[in-house]
Amino acid sequence: MNRICASLALLLLSLLAFAQSNTPPTIKLSFPKQAKAGATVMGVVEVSFAEGLHGYQNPPSGEYQIPVAVSVNKQFKLVKAAYPKGIAKATGGDPTPAAVYEGTIRIPVTVKVPAKPGQSEMKISLNYQQCNASSCFPPSTVSSTVKLKVVKK
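Owing to the predicted nature of the structure, the values given are computational and were not obtained by experimental measurement.

> Looking at this model, I keep getting lost on the overall build of the protein. Mind explaining?
Of the regular secondary structure elements, the protein holds 1 helix and 12 strands. Reading the secondary structure of the protein in the N-to-C direction produces α-β-β-β-β-β-β-β-β-β-β-β-β. When burial is assessed residue by residue, the protein has 35% of its 153 residues classed as buried. Looking at the protein alone, contacts between residues at least 24 apart form 71% of all its contacts between residues at least 6 apart.

Next up, the structure:
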């Protein structure tokens, strides 16, 4: 009975440590407050990974890697995302270094705004798979919104 309790306690502590080590990245958006209907705007998506965590570069250096990718909600259209070059780092016991993002990166983006004037909310989502030095976590998404006033042409 004591062994079962000890095993369960160890399992719960392991799960807790696993959950705490996968802190999602934060995103900060820098966009104009206003744009003409149907125009394109340029902005920046700033992504910050927690200490000891990284995401894979876009495009990834290996076909099994899930890269960081930006998307926008349906009213808007992502025209271009200029992903920065990652750093080469050996990860998860793989002797071949992978291109990864660590710390804070800035992704310049170009977005086409709706053709209809009015107040809009642009939702930027960041799809990613985070890893630490020894393992990767399941793919996930984090999002943030910015208000944009769309004015007549």
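Once the structure has been displayed, the description carries forward.
> Sorry, what's going on with the state of the cysteines here?
What we call a disulfide is simply a covalent bond connecting the sulfur atoms of a pair of cysteines. This structure, assessed with the given rule, holds 1 disulfide. The disulfide partner of Cys131 is Cys136, and the gap between their sulfur atoms is 2.0 Å. Here Cys131 and Cys136 share a disulfide; its torsion about the S-S bond, 95°, makes the bridge right-handed. Its relative accessible area of 1% is what places Cys131 among the buried residues. Take Cys136: its relative accessible area is 37%, and that puts it in the partly exposed class.

> Can you help me understand the confidence of the model for the protein in this one?
It should be kept in mind that the predicted coordinates are not to be read in detail where pLDDT is low. With 86% of its residues at a pLDDT of 70 or more, the protein has an overall mean of 88. Scored below 50 in pLDDT, residues 5-20 shows 1 contact in the model against residues more than four places distant or in partner chains.

> Just checking my understanding: could you explain the pairing of strand S5 (residues 69-72) for this structure?
Consecutive residues of a regular strand have side chains that alternate between opposite faces of the sheet. Taking every second residue as pointing to the same face, the buried face of S5 carries Val70 and Val72, while none of Ala69 and Ser71 on the other face is buried. The pairing of S5 with strand S10 (residues 118-128) spans 4 bridges and is classified as antiparallel. In the sheet register, Val72 faces S10, and the bridge partner there is Ile124.

> Which parts of the structure should I look at to understand the side chain of Thr110?
As for its placement among the helices and strands, Thr110 is situated in strand S9 (residues 104-112). The class of Thr110 is buried, set by a relative accessible area of 17%. Ignoring anything within four residues of it in the chain, the contact list for Thr110 reads Thr40, Val41, Met42, Lys77, Leu78, Val79 and Lys80.

> When you look at the nonpolar core in this model, what are you seeing that I'm missing?
Soluble globular proteins tend to bury their nonpolar side chains together. Counting residues in hydrophobic clusters, the biggest one holds 28 residues, and the most contacted among them are Phe31, Val45 and Ile107. Listing elements by their share of this core, those giving two or more residues are strand S1 (26-30), strand S3 (40-48), S5, S9, S10 and strand S12 (140-151). In contact with Ile107, other than residues within four places in its own chain, are Gly43, Val44, Val45, Val47, Val68, Val70, Ala81, Ala82, Tyr83 and Pro84.

> Just checking my understanding: could you explain unusual backbone geometry for this structure?
Cis geometry is found at the peptide bond from Asn58 to Pro59, where omega equals 0°. Mapping Pro59 onto the fold places it in the loop between strand S4 (54-56) and S5.

> Is there a simple way to explain the sheet that holds S3 in this structure?
The pairing of strands in a sheet happens through backbone hydrogen bonds and is either parallel or antiparallel. In spatial order, the strands read S1-S3-S9-S6; together these 4 strands make up an open sheet with antiparallel pairing. For this open sheet the edge positions go to S1 and strand S6 (77-81), each flanked by a neighbour on one side alone. Adjacent strand axes in the sheet meet at a mean angle of 30°, parallel and antiparallel pairs treated alike. The pairing of S6 with S9 spans 4 bridges and is antiparallel. Following the sheet pairing, Lys80 is matched in S9 by Thr110.

Cut-offs and rules
- Residues numbered from 1 in each chain as written.
- Predicted model: local features only at pLDDT ≥ 70, side-chain atom pairs only at ≥ 80, totals over all residues.
- Heavy atoms only, no water.
- Helix = DSSP H or I, 4+ residues; strand = E, 2+ residues; numbered from the N terminus.
- Buried < 20%, exposed > 50% of the residue type's maximum accessible area, 1.4 Å probe, protein only.
- Contact = heavy atoms within 4.5 Å.
- Disulfide = S-S within 2.5 Å.
- pLDDT = per-residue confidence, 0-100.
- Pairing = 2+ DSSP bridges.
- Core = buried A, V, L, I, M, F, W, Y, C linked by side-chain atoms within 4.5 Å.
- Axes fitted to C-alpha atoms, helices over the stretch in contact; angles between N-to-C directions.

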